[in-house]
Amino acid sequence: MENVLRPLIVLGGSVVFTVLVGWLADLLLRRADSRHPETPLWGLLRRCAPPLQLVLLTALLRASYRETDWRLIQDNEVGIGRGLTVVLIGASAWLVMRIASAAVEATYARYAATTQDADRLRRVRTQVSLIMQILTAVVAVVALAAMLLTFPDFRAIGTSVLASAGIIGIVAGVAAQSTLSNVFAGFQIAFGDMVRIGDTVVVEGEWGVVEEVTLTFLTVRTWDERRITMPVSYFTSKPFENWSRGGAEITGTVYFHLDHAAPVLLMRERLREFLGESPAWDGRGWSLVVTDTTPSTMVVRAVVTAKNADDVWTLRCAVREQLIAWLYEHHPYALPRVATTMAPARYPGPDGDGSAVEPGHDRGASPRG
């Protein structure tokens, strides 16, 4: 009877204690969240319940599994102990990552709720994202190293590896040169404020918005929903346009090739009326001037401003469409025209060679004839 009760007490007691602690922790976090709704930390910490329960259960079993007096466990005591240790290390790393993620997300949420500077917010968001990636990599490496150290064979191998660490480091550095350059470029982008998540950029002739920044690559979402993935070292070694740098406001231009008789003054009035009705115009400025002339046309440039790149694109298209339609309806003479002349008619000559002969004249006749 004792052989049955002891395993049930050890295993059942560990499970019951784990469930009880998890329920109690979740209850306390829910109460704290309801009392302090302005602090999202307590609600985010509730996501730590699964790894916390796994850590507790594994720790209890690791400390008490020998008390079961099961022959199966006694015969495999070393293997079971190492297995529980590996699970405990992995669960602990999972718990640390959940706690760190909750703390970072709560801090960013509180900062985002209090700041009105969109540029600074995008910069902090990019830095937070990269910090979490670095922290994840560090915790994963430490946890993996701790797992390997639980096996004596790997300890012996580690001694020989350390003896040749210098050579291995040189070889690895040469082999991973591009990867390391991308990692350092990621640090430079994160803390040098070169490009941030949400920035509007032009790279390789493509216009888009920075959607994701990691330590090794950066993703740009283009206007037609394509994704361009580029190594972060590109942004530290080549020039690129960042339309959000120093503010999201932007100026757009629209060019018209019109006849010299086009009513520029009336066009200017029409542009001012249209901008006053357009929600995409931010009211900062506008203009319409003649910037160049050619023998057959003149170049009219309209300048408009908007609060961001999306609005300026919409506004440019609308200005182009509205002014051309207005000119076509009220001043069609202002649209560019191509001067042409009638080609001389061709009539078969007396020899049937299709030479050009004016009507009513014979090739052999004299002008007066």
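Residues numbered from 1 in each chain as written. Predicted model: local features only at pLDDT ≥ 70, side-chain atom pairs only at ≥ 80, totals over all residues. Heavy atoms only, no water.

**What to know about the environment of W286**
Inclusion rule: Only DSSP runs of H or I covering at least 4 residues are called helices, and only runs of E covering at least 2 are called strands; the numbering of each starts at the N terminus. Throughout, exposure labels follow a simple rule: accessible area from a 1.4 Å probe, protein chains only, divided by the maximum for the residue type, with under 20% read as buried, over 50% as exposed, and the rest as partly exposed. Throughout, a residue-residue contact means that at least one pair of heavy atoms, one from each residue, lies within 4.5 Å.
Along the polypeptide, W286 turns up in strand β7 (residues 286–293). On the basis of relative accessible area, W286 is assigned to the partly exposed category, the value being 29%. Placed 14 residues apart in sequence, W286 and R272 show a C-alpha to C-alpha distance of 8.0 Å. Once residues lying within four places of it in the same chain are set aside, the contact partners of W286 are R268, L271, R272, L275, W281 and V303.

**Some remarks on a nonpolar patch on the surface**
For clarity, the threshold we go by: What makes a patch is a set of residues exposed beyond 30% relative accessible area and free of salt bridges, joined within 9 Å when like-charged and within 5 Å when nonpolar (Val, Leu, Ile, Met, Phe, Trp, Tyr). The accessible surface values rely on the Shrake-Rupley method and a 1.4 Å probe; as for residues, cover is taken only from the protein chains in view. What counts as a salt bridge is simple: a side-chain nitrogen of Lys or Arg found within 4 Å of a carboxyl oxygen of Asp or Glu.
A surface patch of nonpolar side chains, about 430 Å² in accessible area, is lined by L20, W23, L24 and L28. Take L24: it is sitting in helix α1 (residues 2–35).

**Remarks on the sheet that holds strand β4 (residues 227–231)**
Hydrogen bonds along the backbone pair up the strands of a sheet, which may run parallel or antiparallel. Under the convention used in this document: Only when DSSP finds a minimum of two bridges between them are two strands counted as paired.
Taken in spatial order, the five strands of this open sheet run β4-β3-β2-β1-β5, and their pairing is antiparallel. One side of each edge strand has no neighbouring strand; the edge strands of this open sheet are β4 and β5 (241–242).

**Notes on the layout of surface pockets**
How we decide: Cavity and pocket criteria rest on a 1 Å grid covering protein atoms alone: a 1.4 Å probe that fits but cannot get out defines a cavity, protein on both sides within 12 Å along at least 5 of 7 lines defines an open pocket, and an atom within 4 Å of a point defines a lining residue. Grid points are joined across faces, edges and corners, and a volume is the space filled by probe spheres set on the points. Classes in brief: Ala, Val, Leu, Ile, Met, Phe, Trp, Tyr, Cys and Pro nonpolar; Asp, Glu, Lys and Arg charged; the others, Gly included, polar.
There is about 280 Å³ of room inside the largest pocket. Taken together, 14 residues line the largest pocket, and the ones lying closest to its centre are W207, W243, A309, W313 and R316. Looking at the lining of the largest pocket, the elements with two or more residues in it are β6 (250–258) and α12 (309–330). Top element by residues in the lining of the largest pocket is α12. It accounts for six residues. Residues that form the lining of the largest pocket fall into these classes: eight nonpolar, four polar and two charged.

**Quick look at the pairing of strand β2 (residues 206–213)**
Judged from the four bridges that link them, strand β1 (residues 200–203) and β2 form a sheet pairing that is antiparallel. Residue pairing for β2: V202 is matched across the bridge by W207. Linking two consecutive strands that pair antiparallel, namely β1 and β2, is a turn of two residues; a positive phi of about 55 degrees is found at E204 within it. In this sheet, strand β3 (residues 217–222) lies alongside β2 in antiparallel orientation, the contact comprising five bridges. Within β3, the residue paired with E212 across the bridge is T219. Here β2 hands over to β3 after three residues, the two strands then running antiparallel side by side.

**Section: the pattern of salt bridges**
Applying the stated criterion to the full structure yields 11 salt bridges. A salt bridge links E225 to R227; the shortest N-O distance between them is 3.8 Å. With a relative accessible area of 41%, R227 lands in the partly exposed category. Close ionic contact of R270 with E273 constitutes a salt bridge, the shortest N to O distance being 3.7 Å. You can see R270 and its partner E273 sitting in helix α11 (residues 264–277), three residues apart, about one turn around the helix. Among the residues examined, E273 registers a relative accessible area of 46% and is labelled partly exposed. Each of E211, R221, E225 and R227 takes part in one network of salt bridges that share partners.

**Thoughts on unusual backbone geometry**
Its identity as a non-glycine residue notwithstanding, E204 has a phi of 55 degrees, on the positive side. For E204, a relative accessible area of 56% puts it in the exposed group. Positive phi is not limited to glycine here, since E225 has a value of about 70 degrees. The exposure class assigned to E225 is exposed, which follows from its relative accessible area of 54%.

**Some remarks on the side chain of T219**
Mapping T219 onto the fold places it in strand β3. What makes T219 buried here is its relative accessible area of 6%. Apart from the residues lying within four places of it in its own chain, the contact partners of T219 are V209, V210, E211, E212, R227, I228 and T229.

**A word on α11**
Let me state the cut-off plainly: Take the number of residues in a helix, subtract one, and multiply by 1.5 Å to get its expected span. To be clear, the arc concerns the directions from the helix axis to the C-beta atoms.
If you check α11, its first and last C-alpha atoms are 20 Å apart, about what 14 residues at 1.5 Å a residue would give, namely 20 Å. Among the residues making up α11, those that are buried are V264, M267, R270, L271, F274 and L275. The buried residues of α11 occupy an angular sector of 135 degrees when the element is viewed end-on, so they sit on one face. Among the exposed residues of α11, those oriented more than 90 degrees off its buried face are L265, G276 and E277. Those residues of α11 that are buried lie in contact with β6, β7, β8 (298–306) and α12.

**Here's the deal with the pairing of β3**
As defined by bridge partners, β3 adjoins β4 across five bridges and the pair is classed as antiparallel. Residue V220 lies in a different strand from β4, and its bridge partner there is I228. Hairpin connection, β3 to β4: the antiparallel pair is bridged by four residues, and E225 has positive phi, about 70 degrees.

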